[in-house]
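As a plain string of letters, each chain reads:
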Amino acid sequence: MKTKTLKKDKVNIITLGCSKNMVDSEVLSGQLMANEIDVVHESAKRDHNIVVVNTCGFIDKAKEESINTILEQIDLKQRGKLDKVYVTGCLSERYRGDLESEIAGVDAWFGTMELPQLLKKFDADYKAELVGERLLSTPSHYAYLKIAEGCNRTCSFCAIPLMRGSHVSKPIEDLVKEAEKLVKSGVKEIMLIAQELTYYGLDLYKQRRLGDLMRALAGVEGLQWIRLHYAYPTKFPMEILDVMNEFPNICKYIDMPLQHASNAMLKAMKRQITREEIEQLVHDIRAKVPGICLRTTLIAGFPGETADDVEELKGFLERMRFDRVGVFTYSHEEGTSAYALEDNIPAEEKESRAQEIMEVQQEISLEKNQEKVGKIFKVIVDKKEAGRYLARTEFDSVEVDNEVIIDTTKRLKPGDFVEVRITKAFDYDLEGELV
């Protein structure tokens, strides 16, 4: 008598949005694998029967991408290519009621903190002992380490506390264990991420402990680069700069989103800092860590922003000469305190202001890159593309910053560290030769 064999489930996880979401997807993968369920990230193959869409709900463009991705997966399910579609993440946390009533075909919706409930759909148990067990979706030589969840700030434009809750730090010993596991699996560079790194420890230890965490991670054997992302400027813990100077494996790099430089805008955005205080902070950081790379992000088109505010921001960039800058256009988010303000700047005008600001930065970036020509830098090789290797210096993070293009016949592997002499500078990239 023939028995019909049951097809084994295979799960494809599609991650949208930021690196914090990526870590959540990697943790979900680790849990599924520990429960002996096959799992892949963003697979282009059609050999899976279940999809989990990890959504982003941060700004309008991200929401649109999340909804389009959900609809594409439902379409595949209706055509018999998938058995189940599950949705999790920030968009689902924030708009679950509306989404459930408007989008048919999703098998279940989950919020940002409902991993155990999501696992139940696979008859899988949440294994609390799996600290740091993740299936990386990044190349094997670098990974993100999420040191905290949520945010206690009340910036008027930001919906993240609505989706992620208040700030919760992970214990130092858990993070060290996680870093050790990552290094054992081949990771050489770790990027510390949180909604706000500099708040780390206040909830757990009743004091800011980012410096202690950095010190503990710097002692992890084999960890070659540690990089800091998303430092909040208000009450910036200056002691972390001493730790940066103390350990050569902590990159001289800080990503500090400032959002604006006009005092009127900083006040309206509830940033709890003035332009003068920001300028002093930048000056103090550079004095303490000479050669540090400072990255920031800015918002163009916040309600009430005037042409004068934009000019003030451009002047600020010219004076401060940041190494890296990203500009977002303002997105009017319900539930935030800025939602009560009139979103009075047309989309095209927001885009045009963002462009204007980036043009100022483009010139600064080119000048800073030209200063590097002839100098030698240690770089990490990320990949080979079109016959050339793409690498980064300690002053460049993945995907958002400059790349160093290396033209060589020597065989290099992703994750290799090599010395490169810079031979050419472009607006946002460098070219170099092996030393």
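Worth saying up front: this structure is predicted, and the values here are computed from it rather than measured. (Residues numbered from 1 in each chain as written. Predicted model: local features only at pLDDT ≥ 70, side-chain atom pairs only at ≥ 80, totals over all residues. Heavy atoms only, no water.)

**Focus on the sheet that holds strand S4 (residues 84-89)**
Whether parallel or antiparallel, the strands of a sheet pair through hydrogen bonds between backbone atoms. The five strands are arranged S2-S1-S3-S4-S5 in an open sheet whose pairing can be described as parallel. Both edges of this open sheet fall to strand S2 (38-41) and strand S5 (108-109), since each of them pairs with a single strand only. Bridging between strand S1 (residues 10-15) and strand S3 (residues 50-55) involves five bridges; their strand directions are parallel. Pairing of Ile14 across the sheet is with Val53, part of S3. Seen against the sheet, helix H1 (residues 19-34) touches S1, S2 and S3 and runs at an angle of roughly 170° to S1. Contacts from helix H2 (residues 60-78) reach S1, S3, S4 and S5 within the one sheet, and its direction differs from that of S3 by about 170°. (Pairing = 2+ DSSP bridges. Helix = DSSP H or I, 4+ residues; strand = E, 2+ residues; numbered from the N terminus. Contact = heavy atoms within 4.5 Å. Axes fitted to C-alpha atoms, helices over the stretch in contact; angles between N-to-C directions.)

**Digging into the domain arrangement of the protein chain**
On domain assignment, one finds that the protein chain holds domain 1 (10-129), domain 2 (138-371) and domain 3 (375-434). Taking only C-alpha atoms into account, the centre of domain 1 sits 35 Å from that of domain 3. (Domains from an automatic or database assignment.)

**What to know about the packing of H2 against helix H3 (residues 90-102)**
Where H2 contacts H3, the two axes come as close as 12 Å, and the packing angle between them is 60°. When the interaxial angle is binned, H2 and H3 end up oblique. Viewed along their axes, H2 and H3 form a crossing whose handedness is right-handed. Facing Lys63, Ser66 and Ile67 of H2, the residues of H3 in contact are Leu91, Arg94, Tyr95 and Leu99. Each residue belonging to the contact of H2 with H3 can be placed in one class, and the counts come to four nonpolar, one polar and two charged. (Parallel < 35°, antiparallel > 145°, perpendicular 65-115°, else oblique. Left-handed = near helix turned anticlockwise from the far one by under 90°. Nonpolar A, V, L, I, M, F, W, Y, C, P; charged D, E, K, R; others polar.)

**So, the confidence of the model for the protein chain**
Summarising the model, the protein chain shows a mean pLDDT of 93, and 98% of its residues fall at 70 or more. Note on residues 1-5: pLDDT is under 50 here. Beyond four places in sequence and across chains, it has zero contacts. (pLDDT = per-residue confidence, 0-100.)

**Things to note about the sheet that holds strand S14 (residues 376-385)**
Read around the barrel, five strands follow the order S14-S15-S16-S18-S17 and close on themselves; strand pairing throughout is mixed. Averaged over all pairs of adjacent strands, the angle between their axes in this sheet comes to 55°, without regard to strand direction. As judged from the three bridges shared by strand S15 (residues 388-392) and strand S16 (residues 403-406), these two strands associate in the antiparallel manner. Of the residues in S16, the one forming a bridge with Ala391 is Val404.

**A look at helix H8 (residues 210-218)**
Taken together, the buried positions of H8 are Leu210, Gly211, Leu213, Met214, Leu217 and Ala218. Buried residues along H8 cover an arc of 160° about the axis, so they all sit on one side. Those residues of H8 hidden inside the fold are in contact with strand S6 (142-146), helix H6 (172-184), strand S9 (189-193), strand S10 (225-228), helix H9 (239-246) and strand S11 (250-255). (Buried < 20%, exposed > 50% of the residue type's maximum accessible area, 1.4 Å probe, protein only. Arc of directions from axis to C-beta.)

**Points about the environment of Glu311**
Inspection of the secondary structure assignment puts Glu311 in helix H12 (residues 307-320). The class of Glu311 is partly exposed, set by a relative accessible area of 44%. Along the primary structure Glu311 and Tyr126 are separated by 185 residues, whereas in three dimensions their C-alpha atoms are 52 Å apart.

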